[in-house]
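Chain residues, written in single-letter form:
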Amino acid sequence: DGTVILVDVSWHKVEFRDREAYFVLANDVTEQKESETALIESEQRYREIFDNANDLIYTHDLEGNFTSLNHTGEKLTGYSKSEAMSMNFAQVVVPDQVELARQMLKRKLDNQDVATVYELDILSKSNRRITLEMSTRLIYRDGKVVGVQGIGRDITERKRAEAELLR
């Protein structure tokens with residue numbers, strides 16, 4: 001029908017009826033290549049959203065070791081991605097709230113359908129206290145929970161303004 005397709009071609013020189021010939025196999029890989037292209041484009045869109053979000057976005061494994069951090073997270077915390085990848089959440093959460101963070105992780109693991117939204121204070125690299133409104137979800141691989149993705153919105157100024165109003 002005139003449709004252009006992509007093919008993977010393999011060939012072998014053979015002898016056929018006492019003459020040199022080529023046995024050629026052309027395998028249609030159009031759908032496979034289109035799927036690969038769509039996946040690459042989807043990953044690029046996800047990366048752009050992840051990196052350019054206005055909120056801190058991170059992932060960590062089940063032990064709390066960071067596995068990713070977006071640009072906003074770098075700016076907000078003062079830690080580079082490479083520094084964050086060598087850290088555990090217990091190193092950035094203020095000491096008196098580390099247990100709260102662990103409880104929220106346990107709650108999420110115990111009841112995977114429960115919404116987990118809470119406030120948590122962290123310390124930036126320069127020891128500035130930042131209040132985040134956290135929202136987390138579990139990350140699954142092959143049906144098994146392997147980590148957590150979190151989004152943290154900086155509500156430090158809002159909390160300060162609320163405290164001022166209550167005075």
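Residues numbered from 1 in each chain as written. Predicted model: local features only at pLDDT ≥ 70, side-chain atom pairs only at ≥ 80, totals over all residues. Heavy atoms only, no water.

Draft legend 1. View of the overall build of the chain. Helix and strand content of the chain: five helices and seven strands. Its helices and strands in sequence order give the chain the pattern β-β-α-β-β-α-α-α-β-β-β-α, from N to C terminus. By the compact-globule yardstick of 15 Å for 167 residues, the chain is too spread out, its C-alpha radius of gyration being 26 Å. Principal-axis analysis of the C-alpha atoms gives the chain an extent of 100 × 30 × 30 Å. For the chain, buried positions account for 34% of its 167 residues. Within the chain, contacts between residues at least 6 apart in sequence are counted, and of these 35% link residues at least 24 apart. Looking at the chain, you have 23 positive and 30 negative side-chain charges, and the mean spots of the two groups are 6 Å apart. (Helix = DSSP H or I, 4+ residues; strand = E, 2+ residues; numbered from the N terminus. Rg over C-alpha atoms; globule rule 2.2 N^0.38 Å. Buried < 20%, exposed > 50% of the residue type's maximum accessible area, 1.4 Å probe, protein only. Contact = heavy atoms within 4.5 Å. Lys, Arg positive; Asp, Glu negative; His and termini not counted. Charge placed at Lys NZ, Arg CZ, Asp CG, Glu CD.)

Draft legend 2. Geometry of the packing of aromatic side chains. Here the structure, examined in full by the defined rule, presents two aromatic pairs. Between the aromatic rings of W11 and Y22, the centroid separation amounts to 5.5 Å while the plane-to-plane angle is 70 degrees, which identifies the pairing as edge-to-face. Taken together, the positions of W11 in strand β1 (residues 7-16) and Y22 in strand β2 (residues 19-28) put the pair eleven residues apart, joining distant regions of the chain. Judged by its relative accessible area of 49%, Y22 falls in the partly exposed class. Relative to F66, the ring of Y58 lies with its centre 5.8 Å away and its plane at 85 degrees, an arrangement referred to as edge-to-face. Judged by its relative accessible area of 8%, Y58 is buried. (Phe/Tyr/Trp six-rings, centres within 6.5 Å; stacked < 30°, edge-to-face > 60°.)

Draft legend 3. Structural detail: the sheet that holds strand β5 (residues 116-123). Spatially, the five strands line up as an open sheet ordered β4-β3-β7-β6-β5, and their pairing is antiparallel. A single partner strand is all that each edge strand has here, and the edge strands are β4 (66-69) and β5. Pairwise comparison of adjacent strand axes, ignoring direction, gives a mean angle of 30 degrees for this sheet. Inspection of the sheet shows strand β3 (residues 56-61) paired to β4 by three bridges, in the antiparallel sense. Within β4, the residue paired with T59 across the bridge is S68. Together, β3, β5, β6 (129-141) and β7 (144-154) form the strand contacts of helix α4 (residues 98-110), whose direction differs from that of β5 by roughly 150 degrees. Against the sheet, helix α5 (residues 156-166) touches β5, β6 and β7, its axis set at about 135 degrees to β6. (Pairing = 2+ DSSP bridges. Axes fitted to C-alpha atoms, helices over the stretch in contact; angles between N-to-C directions.)

Draft legend 4. Seen up close, helix α1 (residues 30-52). Over its 23 residues, α1 runs 33 Å from end to end, which matches the ideal 33 Å to within 8%, given 1.5 Å per residue. All buried positions along α1 are accounted for by T30, F50 and D51. Along its buried surface, α1 packs onto β2, β3, β4, α2 (71-77) and α3 (81-84). (Expected span 1.5 Å × (residues − 1).)

Draft legend 5. Local environment of the pairing of β5. Bridge count for β5 against β6 is eight bridges, and the pairing is antiparallel. Counterpart to I122 in the pairing with β6 is I130. Taking the residues that link successive antiparallel strands as the turn, the β5-β6 hairpin has five residues, and the phi of N127 there is positive, at about 70 degrees.

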